[in-house]
Amino acid sequence: MRYMKKLTLLSCLVLSGMVLFAQKPTGAELARWNQHAKQTTIIRDEWDIPHIYGKTDADAVFGLMYAQCEENFPQIEKNFLEMLGRRAEMEGPKVIYEDLMMQLIQDSAEAVKDFERSPIWFKELLIAHADGINYYLSKHPEVKPVVLKKFKPWYHLMWTDGSVSPTKSAGITEKHVEAFYGQQLYSNQNAVSINTTLPNQKSIFDQTNYDMDDKTLRGSNGFAIAPKHSKSGNAMLYINPHVPFYFRSEMHMVSEQGLNAYGAVTWGQFFIYQGFNENCGWMHTSGYADVADVYEEQTEKINNQLFYTYEKEKKKVGQRKINIQYVENGVLKSKAFDTYFTHHGPIVGMEKGKWLSLQENNRSLDALMECWTRTKSKSLADYTKAMELVANNSNNTVYADAAGNIAYWHGNFIPKRNPNFDYTMPVDGSTKATDWQGVHALNEIVQSINPSNGWLQNCNATPFTVAGDQSPKASNYPAYMAPDGENGRGLTAVALLNKVDKINLDELIALGYNKKLSAFDILLPRFIQQAKTAALAPRTKKAIDYLANWDHIADTNSIATSIAIEWASKWGATIPPANTEEAGTQIVLKYNRMDQEVAFETKIKLLEATLDQFEKWYGGWEIKWGAMNRFQRVAPGASFDDNLPSLAVNQASSKWGSLPSFESRRYPNTTKRYGYTGNSFVAAVEFGKRLNAKTIITGGQSRFAESKNFTDQAYGFVHGQFKTIHYYKEDVLANKKLAYHPGLER
């Protein structure tokens, strides 16, 4: 009754506070908001994790978005500005071409059409998504949106994948878009005459765009353990995404319509992206299956109209005017671009006299429906049915369930193509032989269901090692399905899992926190052997002795770890980056190139330069890894500071094969390295008669420095000491810190 009395007050506050709302809501909106608020309760536990209980799925979505806004509305707005192609309205002209590229790829008019044709049950979720955000803004006039004063129900259909890298562009970047369309920003001439006479430039695909060490190949890990390797006889799942710190939040959403999902949500989205319910769990790793292609178009101007050649016929080039707004010196300005497209997709660049079009599938109604539906799966059959929409373009999936099943799918949406063409480079757009030929059915893509070895793993690497010697065979699939190479984490995971007999949940966590740097198993042996007969300075010889006696495990007390990581980073920079995404995934190949192609003398010089830097920074070169590698959480907008408290971290960059990822670097005015990306939400889940799950999140649930939940999980995050989560209602209530309906002051 206490909450019902507060709710009556809430209804009055909603009505009286509308004058402060950026855009006055309609009567229908007010009615929906009040109904959702009445039917939704948010319970925050001792970790400040919100457990959202709604009568309907739409109520749960409404509450989820309200809770997200409480925690980080600014990031929600930023994320949607990116996916809408409207960042320049906040950040200025420097991102005009990123916005233009996004709007070329994702047409908001199509998103609106998808909203209108959505099934009624799904449309209700989309409306509740916008309602939850707008209602929050109406109740918190102190929160000032920079651009998006009111969210619309179709916005989520511009962002239908929760991945850290949801937009696939086949190597095209905003630089290529700027090179093609940029002259329109400064010229009043007809765009057709400008762009058809652009001079030939160096091929954009001959440039080194893919230093995957510094991109998503630092990646994510997922492990599934079958009952045969579990001490309890229950299947287990390890969920370990590697993303920028604080990229996602930990939340729990429940409804009376069968929803009870727990896990990580990407700011602004209405579904649990990495997580589990009582029956099954899902872990996504970013994959590199070919889902987007570039076509060379043969264009010409006839009677001042543009045509392109397709199957020896002239087809009219489509045109669309895109208006980009941007803020400059406090003034909102706009620029209209004349853009072009063929049946393959938008024109996004030019090389060797040919326009380049991009075919992709970066947003779709089916993709977002798939993301939602899988969270309510009760079995492998349910989960498979959701995935049979084959609309998700960026994720691999590691799966486990209460029936003891484990599964892996490499990608989801994969177009059928003629395997005689090399789609890692632009292909001829004038022939239908290069066209996509539909989409592969789910049962045609690379997958492994209940392999006899009893475990599965993926670490953003090849699917042909996911189950050890029981893995799928590359010869059974076209190359475009799985161009992914092997990386150091994949080597580490397979080596560890091959040794597993039976483990429990805590031992699975320990396996996931194994800090073996497998890269140095390749990089060091030959170098150390060569050093034995070389004339070296005493300091250099002593440093190499540290490396020779090291077990290649990152440790806070290890001097060798400090030397190896700082030195190898310089060493790796001598190998030119790959010029395609596919080649960039060959990380183990890069280790071998570093070992074999870099002269011993060069390695020695780089080692000595590293020791010189240590002496300059620290006054000596024998520095333990924990002295320089630190975790420090600072308030939004603040800077890392060597004089403020921080924790020594025994993890390292996963680029060297460490399973837990802690990417750190120095900042202006710091000599210590501070973590900024890597492990985020991590979970270990056991599916038995009663769900058992443990999780940890970077630092803590709150982004507000004055909160006790700002760093209450920091020690556990660093050392792999997870908390037991509250999944069942009785456990949530027993650990309740605060309970409220959306809209009531906390």
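On a predicted model such as this, the values are computed, not experimentally measured, just so you know.

Definitions and cut-offs
- Residues numbered from 1 in each chain as written.
- Predicted model: local features only at pLDDT ≥ 70, side-chain atom pairs only at ≥ 80, totals over all residues.
- Heavy atoms only, no water.
- Helix = DSSP H or I, 4+ residues; strand = E, 2+ residues; numbered from the N terminus.
- Rg over C-alpha atoms; globule rule 2.2 N^0.38 Å.
- Buried < 20%, exposed > 50% of the residue type's maximum accessible area, 1.4 Å probe, protein only.
- Contact = heavy atoms within 4.5 Å.
- Areas by Shrake-Rupley, 256 points an atom, 1.4 Å probe, with all protein chains shown as cover.
- Axes fitted to C-alpha atoms, helices over the stretch in contact; angles between N-to-C directions.
- Parallel < 35°, antiparallel > 145°, perpendicular 65-115°, else oblique.
- Nonpolar A, V, L, I, M, F, W, Y, C, P; charged D, E, K, R; others polar.
- Phe/Tyr/Trp six-rings, centres within 6.5 Å; stacked < 30°, edge-to-face > 60°.
- Lys NZ or Arg CZ within 6 Å of the ring centre and 35° of its normal.
- Salt bridge = Lys/Arg side-chain N within 4 Å of Asp/Glu carboxyl O.
- Arc of directions from axis to C-beta.
- Polar contact = N/O pair within 3.5 Å; in protein donor to acceptor, adjacent residues only side chain to side chain.
- Pairing = 2+ DSSP bridges.

**Q** Sorry, what's going on with the overall build of the protein here?
**A** Check the secondary structure of the protein and you find 23 helices and 30 strands. Taken over C-alpha atoms, the radius of gyration comes to 27 Å for the protein, in line with the 27 Å a tight globule of 746 residues would show. A principal-axis box enclosing the C-alpha atoms of the protein has dimensions of 85 × 75 × 55 Å. Buried positions account for 60% of the 746 residues belonging to the protein. Within the protein, contacts between residues at least 6 apart in sequence are counted, and of these 71% link residues at least 24 apart. Carbon and sulfur atoms provide 50% of the accessible area of the protein, an area that totals close to 28,500 Å².

**Q** Got a minute to help me understand the packing of helix 7 (residues 120-139) against helix 10 (residues 365-373) in this structure?
**A** Between two packed helices, what matters for the description is the angle formed by their axes and the separation of those axes. Packing of helix 7 against helix 10 leaves a shortest axis separation of 12 Å and a crossing angle of 85°. Our classification of the angle between helix 7 and helix 10 gives roughly perpendicular. Contact with helix 7, carried on its side by Trp 121, Phe 122, Leu 125 and Leu 126, involves Leu 365, Leu 368, Met 369, Trp 372 and Thr 373 of helix 10 and no other residues of that element. The residue makeup of the contact of helix 7 with helix 10, split by class, is 8 nonpolar, 1 polar and no charged.

**Q** Mind showing me how you'd approach the packing of aromatic side chains here?
**A** When we look at a pair of aromatic rings, we describe it by the centre distance and by the angle of the planes. Under the criterion given, the structure shown has 47 aromatic pairs. Relative to Phe 122, the ring of Trp 121 lies with its centre 5.3 Å away and its plane at 75°, an arrangement referred to as edge-to-face. Take Trp 121: its relative accessible area is 41%, and that puts it in the partly exposed class. Aromatic ring contacts, followed pair by pair, group Phe 73, Phe 80, Phe 151, Trp 154, Tyr 155 and Trp 159 into a single cluster. Lying over the aromatic face of Tyr 423, Arg 417 brings its terminal NZ or CZ to 5.5 Å of the ring centre. The ring of Trp 47 carries the charged tip of Lys 723 above its face, separated from the ring centre by 6.0 Å.

**Q** Please clarify how the pattern of salt bridges should be interpreted in this entry.
**A** Should the charged atoms of two oppositely charged side chains come close, the side chains can pair. In this structure the tally under the stated criterion is 35 salt bridges. Here Glu 70 makes a salt bridge to Arg 44, at a shortest N to O gap of 3.2 Å. Separated by 26 residues along the polypeptide, Glu 70 in helix 3 (residues 57-84) and Arg 44 in strand 1 (residues 40-45) bring together distant segments of the chain. Taken as a pair, Glu 70 and Arg 44 share a single burial class, namely buried.

**Q** So what exactly am I meant to see when it comes to helix 6 (residues 108-117) here?
**A** It helps to recall that an α-helix has 3.6 residues per turn; residues three or four apart then point in one direction. All of the buried residues in helix 6 are Ala 111, Asp 114 and Phe 115. Projected down its long axis, helix 6 shows its buried positions confined to an angular sector of 100°, all on one face. Along helix 6, exposed side chains directed more than 90 degrees from the buried face belong to Lys 113, Glu 116 and Arg 117. Packing partners of the buried residues in helix 6 comprise helix 7 and helix 10. If you check the start of helix 6, you find a side-chain oxygen 3.0 Å away from the backbone N of Ala 109, and it comes from Asp 107.

**Q** What exactly am I supposed to notice about the sheet that holds strand 10 (residues 293-297) here?
**A** Two strands in a sheet stick together by hydrogen bonds in their backbones, pointing the same way (parallel) or opposite ways (antiparallel). With mixed pairing, the 4 strands of this open sheet are ordered in space as 16-17-10-20. Of all the strands in the sheet, just strand 16 (347-351) and strand 20 (427-428) have a single pairing partner and so form its edges. Of the pairings in the sheet, the one linking strand 10 to strand 20 comprises 2 bridges and is parallel in character. Along strand 20, the bridge assignment pairs Tyr 295 with Val 427.

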